[in-house]
Amino acid sequence: MYDVAVIGAGVIGGMIARELAAYELNVCLLEAENDVGRGSSSANSAIVHAGFDAKPGSLKARFNVEGSRMMEEVCRDLGVKYQRNGSMVVAFSDDDRKMVEELLERGRQNGVEGLYIAESEELHRLEPNLSQDAVCALIAPTGAIVCPYELTISAVGNAMDNGVKLQLNYRVTGIVFDGEGDNGRGCFIIASSAGSTVKARYVINAAGLYSDSVAAMAGDDSFRIRPRRGEYLVLDKGAGTLCSHTIFRTPTKMGKGILITPTVDGNVLLGPTSEDIDDKRDTSVTQEGIDRIISQMKQEMPAVNIGSVVTLFCGLRAVGNTGDFIINSPRPRFINVAAIESPGLTSSPAIGQYVKNLLLEKLAMDGIVPRRKKRHIRTRPSLHWFQILTKEQKNLVIADDPSFGHIICRCEGITEGEIKYAAAQNPRPSDLDGVKRRTRAQMGRCQGGFCAPFIVRILSDELEVPFESITKNGNGSYINIGRTKEITD
Ligand SMILES: Cc1cc2nc3c(=O)[nH]c(=O)nc-3n(C[C@H](O)[C@H](O)[C@H](O)COP(=O)(O)OP(=O)(O)OC[C@H]3O[C@@H](n4cnc5c(N)ncnc54)[C@H](O)[C@@H]3O)c2cc1C
């Protein structure tokens, strides 16, 4: 019997679990996929939004600004890459200028610090590659960038280091309240597609795109989630000097528009498109989407070299029908944390804290006051600790463990030792993409063309599973179908 079951191991479920892990509570995190952060939390713009875009008074505005203030410290604690590069919303016309002025006012109402409008000369000094047609821009010095999958993995990992149980491949298909359960105190019975069940006294629904279905399982039909597709192009690391700020166009009713931004790893991201669709599994990248991004970029930043694209991807925003985040408790002991579209990544630390407090209030009303754990680990080393060592320090590590001297991913310079280290940390990866998100091996120009076979071998050794069972990203995406030779000494 768990005290709390959190459904969904994206950045929101991860941050909530991390907060709850500081208390003497028995918590489980139930995730449908074979790894954490496989939903929106891995496929987004990776921006820590300053908070000028959300409507004043909304939950989005509140948690955006709070989350943006918390993010740097959270990333430091979790060993996650974060960079305060500042963001700007560029105006190309008089109408755009009016919108920029509106955003400045909205940002001030939301409590965003340091906002101002830069005119053309300053703007082009800040971003020399920007089109000469740009007339002015709203500058937000508190805007930042972060690694979103690392943030999710590390939040869940930290929760697990503090005792939270993660159950992967646990797709919740039914939730029933058993009034007689838990010695007559009542508990939820949470069933999975595999036929197993978990019992919990309290349930937190953080199931992203599927949070409406999960709420419906518990009898709450009050909201709907629709997917909104966002496609991206990723430029190679050589393009990293193209811009230093995150550069937005003025927003539309479909969102913040197509942006160009450096990433914390030195790539450049172009996108996202914005298109309402019906299929919650459709993460395909379309030709129309690519063309739209390229055509906008040619106007905005003519120096962009599309030849340096290394990969494409698509993320789905979980757009609710209320226009705001939905955080409520439609029935006792059940909390929805739904419709967490952008700026959900930015808001995640603040939402984690808020939902923890909400749960503590519910527990208190039921006469339960959990103590804070005496032995609680707040921090965790970066998965990239080896990369940031000096040459001398690296040589010492290699002398102790020669696998750190064996380069596996040539594009990103990632060693066998780093892959083995990542494979041993909570939560452990189970496939090639899991290793990619944790180490960056396969993220470079060749996208795993050279290193994937070696990573399969390392992962099968580390997980002690057959070589043939390793997939690219679960769901039967096998890489090897069998052995053609017997290995002998
Ligand atoms: C294109 C795009 C761009 C964005 N850009 C930004 C940005 O720059 N900055 C920003 O702040 N925000 C951004 N966002 C928003 C941000 O990515 C999301 O708000 C955030 O990732 C939501 O996290 P989540 O945990 O709620 O959802 P998810 O990451 O989707 O996690 C939900 C989890 O629940 C699991 N799940 C679903 N159903 C079940 C079930 N039945 N049983 C068990 N598990 C289940 C899923 O597998 C998934 O892992 C963007 C989003 C998109 C799509």
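Conventions used here
- Residues numbered from 1 in each chain as written.
- Predicted model: local features only at pLDDT ≥ 70, side-chain atom pairs only at ≥ 80, totals over all residues.
- Heavy atoms only, no water.
- Helix = DSSP H or I, 4+ residues; strand = E, 2+ residues; numbered from the N terminus.
- Rg over C-alpha atoms; globule rule 2.2 N^0.38 Å.
- Buried < 20%, exposed > 50% of the residue type's maximum accessible area, 1.4 Å probe, protein only.
- Contact = heavy atoms within 4.5 Å.
- Areas by Shrake-Rupley, 256 points an atom, 1.4 Å probe, with all protein chains shown as cover.
- Phe/Tyr/Trp six-rings, centres within 6.5 Å; stacked < 30°, edge-to-face > 60°.
- Lys NZ or Arg CZ within 6 Å of the ring centre and 35° of its normal.
- Salt bridge = Lys/Arg side-chain N within 4 Å of Asp/Glu carboxyl O.

1. A few points about the overall build of the chain
- Helix and strand content of the chain: 12 helices and 22 strands.
- Against the 2.2 N^0.38 benchmark of 23 Å for 489 residues, the chain shows a C-alpha radius of gyration of 23 Å, consistent with a compact globule.
- If you line up the chain on its principal axes, its C-alpha atoms span 70 × 65 × 45 Å.
- With 489 residues in all, the chain has 56% of them scored as buried.
- Across the chain, the fraction of contacts at a sequence separation of at least 24, relative to all contacts at a separation of at least 6, is 72%.
- If you sum the accessible surface of the chain, you get close to 21000 Å²; carbon and sulfur atoms cover 50% of it.

2. Details of the packing of aromatic side chains
- Here the structure, examined in full by the defined rule, presents 8 aromatic pairs.
- Here the aromatic rings of Phe177 and Phe188 are separated by 5.0 Å at their centres, their planes lie at 70 degrees, and the arrangement is edge-to-face. In this pair, Phe177 sits in strand E10 (residues 172–178) while Phe188 sits in strand E11 (residues 187–192), placing the two residues 11 residues apart along the sequence.
- The class of Phe177 is partly exposed, set by a relative accessible area of 32%.
- A relative accessible area of 1% means that Phe188 is categorised as buried.
- Between the NZ or CZ atom of Lys280 and the centre of the ring of Tyr210, over which it lies, the distance is 5.3 Å.

3. Brief notes about the environment of Asp401
- Along the chain, Asp401 falls in the loop between helix H9 (391–400) and strand E21 (407–409).
- Relative accessible area serves as the criterion here: at 27%, Asp401 is assigned to the partly exposed category.
- It is 7.5 Å that separates the C-alpha atoms of Asp401 and Gly417, two residues lying 16 residues apart in sequence.

4. Observations concerning the pattern of salt bridges
- The final tally for this structure, using the stated rule, is 35 salt bridges.
- Between Arg84 and Glu72 there is a salt bridge whose closest N-O contact spans 3.9 Å. Here Arg84, found in the loop between strand E4 (82–83) and strand E5 (87–91), pairs with Glu72, found in helix H2 (residues 59–78); they are 12 residues apart in sequence, far enough to count as distant.
- The class for Glu72 is partly exposed, based on a relative accessible area of 35%.
- Where Arg229 meets Asp282, a salt bridge forms, and the shortest distance between an N and an O atom there is 3.4 Å. Of this pair, Arg229 sits in strand E13 (residues 225–235) while Asp282 sits in the loop between strand E17 (275–276) and helix H7 (287–300), placing them 53 residues apart in sequence.
- For Asp282, a relative accessible area of 21% corresponds to the partly exposed category.

Read these as geometric descriptors, not functional statements.
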